[in-house]
Amino acid sequence: MVTVNPAPAAATPSAWDFASELRAIDDAQLRRTRRVIESYDGVRLRVGGRDMLGFCSNDYLGLAQHPALAEAAREGAQRWGAGATASPLVCGHSLAHEQLEQDLARLVGMPRALYFYAGFPANTGLVPALAGRGDAVFSDALNHACLIDGARLSRAELQVYGHCDAADLARRLAASSARRKLIVSDAVFSMDGDIAPLRELLRLAERHDAMLLIDDAHGFGVLGPGGAGSAAEFDLRSPRLLYMATLGKAAGVAGAFVAGSEDAIEYLMQRTRSYIFATAAPPLVAHTLRTSLRLIAEEQWRRDHLRELVRLLRQQARLPAGWRLGESTTPVQPLLIGGNEAALSAMQQLWERGLWVPAIRPPTVPAGSARLRLSLSAAHTVQDLQRLLQALAHIA
Ligand SMILES: *Cc1c(COP(=O)(O)O)cnc(C)c1O
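Residues numbered from 1 in each chain as written. Predicted model: local features only at pLDDT ≥ 70, side-chain atom pairs only at ≥ 80, totals over all residues. Heavy atoms only, no water.

### Focus on the domain arrangement of the protein
Short version of the rule: Domain borders in the structure are assigned automatically or taken from a domain database. Note on contacts: a residue pair is in contact if any heavy atoms of the two residues lie within 4.5 Å. The buried area of a pairing is the accessible area, by a 1.4 Å probe, that goes missing from both parts when the two are put together, added over both. Salt bridge, as used here, is a side-chain nitrogen of Lys or Arg placed within 4 Å of a carboxyl oxygen of Asp or Glu.
Segmenting the protein into domains produces domain 1 (34-61 + 300-395) and domain 2 (67-298). Once you take the C-alpha centre of each, domain 1 and domain 2 turn out to be 27 Å apart. Counting from both sides, the interface comprises 20 residues of domain 1 and, opposite them, 21 residues of domain 2. Interface area for domain 1 against domain 2, summed over the two sides, is near 1500 Å², with a carbon-plus-sulfur share of 57%. Put simply, domain 1 and domain 2 have one salt bridge between them. The shortest N-O distance in the salt bridge between Asp192 and Arg371 comes to 3.1 Å.

### Thoughts on helix H6 (residues 145-154)
Keep this limit in mind: Relative accessible area decides the class of each residue, using a 1.4 Å probe on protein chains only: under 20% of the type maximum gives buried, over 50% gives exposed, and in between gives partly exposed. Starting at the N terminus, helices and strands are each numbered in turn, a helix being any DSSP run of H or I of at least four residues and a strand any DSSP run of E of at least two. In this description, one arc is meant: the one made by directions from the helix axis to the C-beta atoms.
Turning to H6, its buried residues number three or more, namely Cys146, Leu147, Gly150, Ala151 and Ser154. Burial along H6 is one-sided: seen end-on, the buried residues are contained in an arc of 145 degrees. Opposite its buried face, H6 presents the exposed residues Arg152 and Leu153, each directed more than 90 degrees away. Where the residues of H6 are buried, they touch helix H5 (119-130), strand S5 (136-140), strand S6 (157-161), strand S7 (181-186) and strand S8 (210-215). Backbone geometry just after H6 places Arg155 at a positive phi near 65 degrees.

The following block contains the structure:
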């Protein structure tokens, strides 16, 4: 039988008008673009034939181009080839992955760790593994998108509490009759650099029979003794704590992990869909990460230098009227400007001076809080920071 597609009714507008969607993005000054990096050398980037000084990466310890990591990657490739071939639960879990998990658990001082190929899928998998229908997820208002998506995927009731507001969280926990209660929070907030009230969150978890999952993407390697992260910084120890962190930021490579009690991690390995149904990270990446963990633990000077840069920035910044630095003691320093256009113009003026400082706009941050996200790295020199401070003092 021959079927003939009916001609579309000319008057019906298509639901798929990408061009008009893009115009709406442009009208709101929200179009994002990518710059092509021609070479990386720590915070020195070559872009369009120009040498730029970056205050834009999450490479807080300056490890991403470390020669020892490049060498470890070469060695890993020689030993393991390129790909892991399968999910970890089929045949993708190599000795390199196994040893990395042991190193991770040892560094953060927790019984066991599970290594993921990336942080975003780690959280979108972990939250639904921990909470489902009839349960409740309590989520800080400024949590990272992957925790929010994880909560949505879980089908649990979502309770968003005020940013770092432990009193609001306490009220919500007390009023909840959910079977399982899961508290999720960034440890260091990715766009504000401030730190969650972790001790209070853990205390509330204990009082209300809840679990606490913290995402330390921006604290691991930077905070805590030996770079062990935010949980170690505040000496948090409890079977109710699940500690998640990523390995593409301060660790300079790629991936993520979750650490916790033996049983909790074994359970998560059985139940986390993004772990079970995804190809394992290449073993060469796991191999490279072992060298990164060694540098994190051994090279305390990187954290000391970083802390000094943060102090100098906050002490010496002279800012245009109406701009202010948000409260942050970490290498993520938000320079709050307000409007999207003003933030983009500030970014552009710094760019013309050879400085790359990204403007962050909604929906990454709340409407009206567009900002420059200054991020400091142990790879910055004090002279690099002076260059930034001088440029900020000159733009209006
Ligand atoms: C970057 C980030 C992630 C995602 O980690 P990737 O390894 O980059 O996928 C998760 N949580 C937070 C808070 C982050 O900043």
